[in-house]
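Reading the structure
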Amino acid sequence: MLFNSHSFIFLFLPVVLLGYFALGRRSHLAPVVWLTLASLVFYAFGGGQFVPLLLVSIAFNYGVGYLLIARKLGPGARFTALTTGVAGDLAVLGIFKYAGFFAANLNALFSAGFVVKIVLPVGISFYTFTQIAFLVDAYGGNVARYALPHYALFVAYFPHLIAGPILHHKDMIPQFERAETKRPDPHLILCGLIIFAIGLFKKTCLADGIQPLVAQAFGSNAPTFDQAWIGVLAYTFQLYFDFSGYSDMAIGISLMFGIFLPLNFNSPYKAVSIVDFWRRWHMTLSQFLRDYLYIPLGGNRHGSILRYVNLMITMLLGGFWHGAAWTFVAWGALHGVYLCINHAWSNYGPKAPPRFARLADIAGAALTFLAVVIAWVFFRAHDMPTALHLLSKMADPSDIAFGRVEMVYALFVAIYAALAWFAPNTQEIMGYDHKNRAVGENLRAQRMKPLFLYASAAVLAFGILGIQQHSEFIYFRF
């Protein structure tokens, strides 16, 4: 089931909200069970055959977590439990996500003739990482003992289940345990609806609206120089508004239940460096990779050379996490190289005088954006030859079409760029403060004019009118 579908907006979400708050009048546990069951129903619409796999994953990790938290195990047994848990998670992820990739490569190398056709369960990358973090923290003694219904909801919570954000148990489970979240809060419901409306508009009007231009570069025809750039920039902004829209909708839906989700998207194309970009793009994944991969590898604790090695390993695996293809590996490697250059420049490069700081930021933002756009070519291309061919077209200004169609398309791309670079983002508009559990304080204090509410209603209407028959989010593939 898609957030941007009539059945979700007009049937599923209202029914789940009504049931949640109705049960909240009588019990603290019943709403948690209700929301968990609703999440499983939501998941079943995207792949009912994988619901048992999700349930087994929850039970397995909860059981391993129980051994680590509640049982008095010795150090060796605790390490064995952790290793078993993480290995089990990675084995399942590896089978479903990477078995076909490895078989294809073995066939290419040895003409082995392996045939592997496995359907990727939706959201498996997200709920696997979520639970690995839980096990590692449990092993480190940083997890309280949680009831199974709360843990199951933490993993299966439908606003995040399909495409993130990657949740952390310390942030989410205490919210599920609070009695206040079981009672309807009109302010949070209104703010959630507004944020959802903004996200829906981004998805159905902006991301889906520019999607046809992507074919200029990634279609079947060989593009010229300008068509290649228009198509790649169109994809750059399609992905931006698609992911931003999903992140907004997830936060908005969760707010209606009184639950604050972490920010996952913070105007990344305004970044002034690649380091800054990764603090703004897929923020929860960046935090996971830092806390559970880069730092355990040694981080920057063993000298600058190993720091760069650790950065490359982290980004290579981060790219591979996005998809089982060499294009994703190349995308991750490219960002690893970017990060190494960025850190080296910060450590050894010249510093801009204070009076040129603004100019340096503008130059840094332009260079960062260009680097990100080039990397998106690998992220979007079907294979490496296609990506390299497209990059060669982008570097060849001798072949230009720039007819009336290209001029109109270029104008569209410029409008999207202006929105991404100069418009405030949703959390700035709504004053969303995840850490302090605050949102819409200006709205609560009546400092926002009625015109804002009318505009929000219009955005919601346009978002609903823009719904197409079936338009999945790009991150569903991961």
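Scope of this entry: the structure provided in the associated data block. Within each chain, residues carry numbers counting from 1 in the order of the written sequence. For this predicted model, a pLDDT threshold of at least 70 governs which residues receive local features, and a threshold of 80 or more governs which side-chain atom pairs are given and counted, while totals over whole chains, interfaces and linings are taken from all residues. Values reported for side chains reflect all heavy atoms of the structure, with hydrogen atoms and water molecules removed beforehand.

Observations concerning helix 16 (residues 357-380)
With 24 residues, helix 16 ought to run about 34 Å at 1.5 Å a step, and its terminal C-alpha atoms sit 34 Å apart, in line with that. Here's how the labels work: a residue is buried when its accessible area is under 20% of the maximum for its type, exposed when over 50%, partly exposed in between, all with a 1.4 Å probe on protein chains only. Under the scheme used here, helices are H or I runs from DSSP no shorter than 4 residues and strands are E runs no shorter than 2 residues, and both carry numbers assigned from the N terminus. Listed in full, the buried residues belonging to helix 16 are G364, T368, F369, A371, V372, V373, A375, W376, V377, F378 and F379. An expected span of 1.5 Å times one less than the residue number is assigned to each helix.

A closer look at the side chain of Q427
Note that Q427 resides in helix 19 (residues 426-430). In what follows, a contact means two residues having at least one pair of non-hydrogen atoms within 4.5 Å. Those residues in contact with Q427, other than ones at most four positions away along the chain, are L263, F265, N266 and Y432.

Things to note about the nonpolar core
Put simply, a nonpolar core is a bunch of buried Ala, Val, Leu, Ile, Met, Phe, Trp, Tyr and Cys residues held in one set by side-chain atoms that sit within 4.5 Å of each other. If you look at the biggest cluster of nonpolar residues, it comprises 146 residues, and the most contacted ones within it are F3, F8, F158 and F257. Those residues in contact with F158 that sit more than four places away from it in its chain are F3, F8, F12, L13, V16, L35, S39, F42, I253 and F257.

Points about empty space enclosed by the protein
Points on a 1 Å grid, built from protein atoms alone, make a cavity when a 1.4 Å probe fits but cannot get out and make a pocket when they are open with protein on both sides within 12 Å along at least 5 of 7 lines; residues with an atom within 4 Å of a point are the lining residues. Grid points are joined across faces, edges and corners, and a volume is the space filled by probe spheres set on the points. Counted according to the given criterion, the structure contains 3 cavities of 30 Å³ or more. When its volume is computed, the largest cavity comes out at roughly 60 Å³. Along its surface, the largest cavity is lined by Y62, G65, Y66, I69, F134, R145, Y146 and Y151. If one sorts the elements of the lining of the largest cavity by residue count, helix 3 (residues 51-69) sits on top with 4 residues.

Considerations on the environment of D291
Tracing the chain through its elements places D291 in helix 13 (residues 283-297). Owing to a relative accessible area of 32%, D291 belongs among the partly exposed residues under this scheme. The spacing of D291 and A133 is 158 residues in sequence and 8.9 Å in space, taken between C-alpha atoms. A polar contact of 2.8 Å, which involves the side chain of D291, links it to the side chain of R290. Counted as a polar contact is a pair of N or O atoms within 3.5 Å, where, for protein atoms, one must be capable of donating a hydrogen and the other of accepting one, and residues adjacent in sequence contribute only when both atoms are in side chains.

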